[in-house]
Each structure stands twice: as C-alpha cells, then as structure tokens.
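Geometric and topological summary
Spelled out from the first residue to the last, the chains are:
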Amino acid sequence: MAGSSSCSLLVLFVLFGCAFAAKDILLGGKTDAWKVPSSESDSLNKWASSVRFQVGDHLILKYEAGKDSVLQVSKEDYDSCNISKPIKHYNDGNTKVRFDHSGPYYYISGEKGHCEKGQKLTVVVMSLKGGSRPIVAFSPSPSPAEVEGPAASVVAPAPTSGAAVLQGGGVFVAVGVFVAMWLF
Ligand SMILES: *[C@@H]1O[C@H](CO)[C@@H](O)[C@H](O)[C@H]1NC(C)=O
C-alpha cells in the first residue's frame, strides 16, 4: 500500500520535473558545432528550428577559445553580419547563455567573414506555458470549500487530473501533485 502510493507520487514528481526543469542544450548536439557550416543543410538554424527552447534553458556553444567567439546582436546586425556593436560578447570557448525572456535571440560569429559564410544562429525562445496565468484560471468552480477540504479528493479523482497534466501546462502539473498529496 505504502509502496504503491510513493510510486504514484514519484511518477507525478517526474512529470513535474519534466515540465519545469531548465535544460542545458548543446548547440548542434555536438561539441564543435559553432563554426562555419560545411553546407546549407548543415546550418545551425536548421538544427535550431528542430529544438524547443524555453525560458530558463541554457544554450552551450563549444569552440576553440581565441579562434572564434560568439556575439549576441540585434536582428539588424544579424541580418547584415555587423560585428561592431554586439549586445553581448563571449570568447571563452565554452559559452553558456541563459534565455531569461521569450522571443528571438540572434547570434553571429565575431570572426571576420564567418557570419557571411553562414555561422549565425537564431533561437526563438518560448515562454513557459501557463506560467503567467493566475492559479484560479484552471478551475471552472473555484469554491474554497472544495479546494481546501479532504473532499477535494472525492470531487477531483486522480485520473482526471492526470489527464489534465498531460494536456495542460505547468499549473496543471502542480495541481496534480497537490491533489496526489491529499490522496496519499
Ligand atoms: C555596423 O554598425 C555600426 C554601428 O551601428 C555602423 O556605424 C556601421 O556602419 C555598420 N557597418 C556596416 C558594414 O554596416
């Protein structure tokens, strides 16, 4: 009995973790990806469009320190490969950038000529789904008595909230965990 309860809880906490954990994402999925791409199909943006970036995630760019650098630039400077006025500049060879807001981020190489040859990257960062919504928004009947008392377990059985977890955002996961805590 106790065993199966903690197991169910564990599953919910894993779901919780998956929804919230910030990811460290290695550029291109390999250690030497920050370089002039060998072909159009090898481009960094092709890779980036297949990856889901969220606020809080880190992007890690590895390259040889001193031989290359990473510039975060405006869209305008990205388009024209202008390296003269970067927003941020990294050259340590093991650059870790954190996405602390949603929207596009633009990176180009600080080496002369590299950006023109395709060493550039656009990352579109998504906000955490549901993260900014008020807590009451999820509940169609937010009666305080229902939410607080042990009766909540009866009116909101675990399987229902489990389904909501899979379809909804982080708020639903949190609610699932709290319902589980009441149940077990
Ligand atoms: C790059 O940007 C700087 C500052 O905005 C500007 O003065 C310069 O003319 C630009 N260079 C090129 C090649 O566009």
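Quick note: structure is the one above.
Residues numbered from 1 in each chain as written. Predicted model: local features only at pLDDT ≥ 70, side-chain atom pairs only at ≥ 80, totals over all residues. Heavy atoms only, no water.

**Focus on the packing of aromatic side chains**
Under the defined criterion, the tally for this structure stands at 4 aromatic pairs. Plain terms: the ring middles of Y78 and Y106 are 5.1 Å apart, the flat faces sit at 50 degrees to each other, and that makes the pair tilted. Here the residue Y78 occupies a position in helix α3 (residues 75-80), and Y106 occupies one in strand β7 (residues 103-109), the gap between them amounting to 28 residues. A relative accessible area of 14% means that Y106 is categorised as buried. Both rings, one in F99 and one in Y105, keep their centres 4.8 Å apart while their planes meet at 65 degrees; by these two values the pair is edge-to-face. Using a relative accessible area of 0% as the deciding quantity, one classes F99 as buried. The ring of Y78 carries the charged tip of K120 above its face, separated from the ring centre by 4.5 Å. (Phe/Tyr/Trp six-rings, centres within 6.5 Å; stacked < 30°, edge-to-face > 60°. Helix = DSSP H or I, 4+ residues; strand = E, 2+ residues; numbered from the N terminus. Buried < 20%, exposed > 50% of the residue type's maximum accessible area, 1.4 Å probe, protein only. Lys NZ or Arg CZ within 6 Å of the ring centre and 35° of its normal.)

**A word on the environment of I83**
Along the chain, the position of I83 falls in the loop between α3 and β5 (88-90). Since its relative accessible area comes to 30%, I83 is described here as partly exposed. Between the C-alpha atom of I83 and that of I108, which follows or precedes it by 25 residues, the distance is 7.8 Å. Leave out the neighbours within four places in its chain, and I83 touches L71, I108, S109, G110 and K112. (Contact = heavy atoms within 4.5 Å.)

**Digging into the state of the cysteines**
In the structure shown here, the tally under the stated rule is 1 disulfide. Here C81 engages in a disulfide with C115; their sulfurs sit 2.0 Å apart. Between C81 and C115, the disulfide has an S-S torsion of -70 degrees and is therefore left-handed. Separated by 34 residues along the polypeptide, C81 in the loop between α3 and β5 and C115 in the loop between β7 and β8 (120-126) bring together distant segments of the chain. You'll find C81 and C115 in the same group, each marked buried. (Disulfide = S-S within 2.5 Å.)

**Topic: the site of the ligand**
In the region of the ligand, the neighbouring residues are N82, S84 and K85. Between the ligand and S84 there is a distance of 3.2 Å, counted from an oxygen atom to a side-chain nitrogen or oxygen. Separating an oxygen atom of the ligand from a side-chain N or O atom of K85 is a distance of 3.3 Å. Here the ligand has 360 Å² of accessible area as a free molecule, and 31% of this is covered by the chains. (Near = heavy atom within 4 Å. Polar contact = N/O pair within 3.5 Å; in protein donor to acceptor, adjacent residues only side chain to side chain. Areas by Shrake-Rupley, 256 points an atom, 1.4 Å probe, with all protein chains shown as cover.)

**Considering the sheet that holds strand β1 (residues 24-26)**
Pairing between the strands of a sheet is mediated by backbone hydrogen bonds and can be parallel or antiparallel. The 3 strands lie next to each other as β1-β3-β6, forming an open sheet whose pairing is mixed. Both outer strands of the open sheet, β1 and β6 (94-98), are each paired with one neighbouring strand and no more. The mean inter-strand angle of the sheet, taken between neighbouring strand axes irrespective of direction, is 25 degrees. With 3 bridges joining them, β1 and strand β3 (residues 58-62) adopt parallel strand pairing. Paired with I25 across the two strands is L59, which belongs to β3. (Pairing = 2+ DSSP bridges. Axes fitted to C-alpha atoms, helices over the stretch in contact; angles between N-to-C directions.)

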